[in-house]
Amino acid sequence: MQAQVENTAGKRLWIKAAGAVAVVALALAGYMSMSNTHAAPDVSFTNLKGEQVSLKNLRGKVVMVNFWATSCTTCVAEMPQMVQTYNMYKDKGLDYVAVAMSYDPPNYVLNFVQTRSLPFQVTLDTQSKLANSFGDVKLTPTTFVIDKQGNIIKRYVGAPKFEELHALLDKALAAA
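Residues numbered from 1 in each chain as written. Predicted model: local features only at pLDDT ≥ 70, side-chain atom pairs only at ≥ 80, totals over all residues. Heavy atoms only, no water.

Things to note about helix α5 (residues 162-174)
This is how the line gets drawn: A helix here means a DSSP run of H or I that spans at least four residues, while a strand means a run of E at least two residues long, and both kinds are numbered starting from the N terminus. How far a helix is expected to stretch is found by multiplying one less than its residue total by 1.5 Å. When accessible area is computed with a 1.4 Å probe and restricted to protein chains, residues below 20% of their type maximum are described as buried, those above 50% as exposed, and intermediate ones as partly exposed. As used here, the arc belongs to the directions running from the helix axis to the C-beta atoms. Residues are treated as being in contact if the distance between any of their heavy atoms lies within 4.5 Å.
Helix length check: α5, at 13 residues, gives a terminal C-alpha distance of 18 Å against a target of 18 Å (1.5 Å per residue), a fit within 8%. Residues of α5 that are buried: Phe162, Leu165, His166, Leu168, Leu169, Ala172 and Leu173. For α5, the angular spread of buried residues about the axis comes to 160 degrees, placing them on one side. Facing away from the buried side of α5, by more than 90 degrees, are the exposed residues Glu163, Lys171 and Ala174. Elements that come into contact with the buried residues of α5 comprise β4 (62-68), α2 (73-89), β5 (94-100), β7 (142-146) and β8 (151-157).

Points about the sheet that holds strand β6 (residues 121-124)
Operational definition: Pairing between strands requires that DSSP locate at least two bridges from one strand to the other. To obtain each axis, a line is fitted to C-alpha atoms, and for helices this fit is confined to the stretch in contact; angles are then taken between N-to-C directions over 0 to 180 degrees.
Pairing is mixed in the open sheet, where six strands are placed in the order β1-β8-β7-β4-β5-β6. Looking along the sheet, the strands with just one partner apiece sit at the ends: β1 (38-39) and β6. Direction of pairing for β4 relative to β5: parallel, over a ladder of seven bridges. Bridging across to β5, valine 65 finds its partner in valine 97. Lying over the sheet, α2 contacts β4, β5 and β7, oriented at roughly 165 degrees with respect to β4.

Things to note about the environment of isoleucine 152
Within the secondary structure layout, isoleucine 152 lies in strand β8. Put simply, isoleucine 152 and valine 62 are 90 residues apart on the chain and 9.9 Å apart in space, counted from C-alpha to C-alpha.

Section: the packing of α2 against α5
Rule in force here: The scheme is simple: roughly parallel for angles under 35 degrees, roughly antiparallel for over 145, roughly perpendicular for 65 to 115, oblique for anything else. Here a crossing is taken to be left-handed if its near helix is turned anticlockwise relative to the far helix by less than a right angle, and right-handed if that turn runs clockwise. In the scheme used here, Gly and all other residues not listed as nonpolar or charged are polar, with Ala, Val, Leu, Ile, Met, Phe, Trp, Tyr, Cys and Pro taken as nonpolar and Asp, Glu, Lys and Arg as charged.
Viewed as axis vectors pointing N to C, α2 and α5 meet at an angle of 25 degrees, and their least axial separation amounts to 12 Å. Taken together, the axes of α2 and α5 are roughly parallel relative to one another. As for how α2 packs across α5, the hand of that crossing is right-handed. Of the residues in α5, those touching α2 at Glu78, Gln81, Met82, Thr85, Met88 and Tyr89 are Phe162, Leu165, His166, Leu169, Asp170 and Leu173. Within the contact of α2 with α5, the residues separate by chemical class into seven nonpolar, three polar and two charged.

Here it is in structure tokens:
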């Protein structure tokens, strides 16, 4: 009987120790994932004005890269707030690239850009090269925020919480 009680107590101690190790491991993994930055891919694209642009040439600026489609209701709904965000921060060093997905008909994109007077760079990703370079983006909207050194500091899948996004942009733009 006493051996059974000691065995049960030993199992409980073992379970508690394993639980503590798991909590520490999860906390460490969470910290590491938040502190690690990933370099943005070194991609180039042609915007709708016919200008060749590379992300490398945008270093020194904070850059938002937004993958979207005219058929995406969330993308269309968030676009006025994206325009407001760009207009708020462009003079502080923000650049913005809207990447139309490969399945989006170019004439739809052109019409959308013209009728909404989008003030930032727009490109057509007709062969999914940009989407693939950013980790095979399939879901829209997906937005990446890239710091002045060219590191991805945030990825939003779906519409961002704009208050949170603005706080992130304030911090990234203030950084050296």
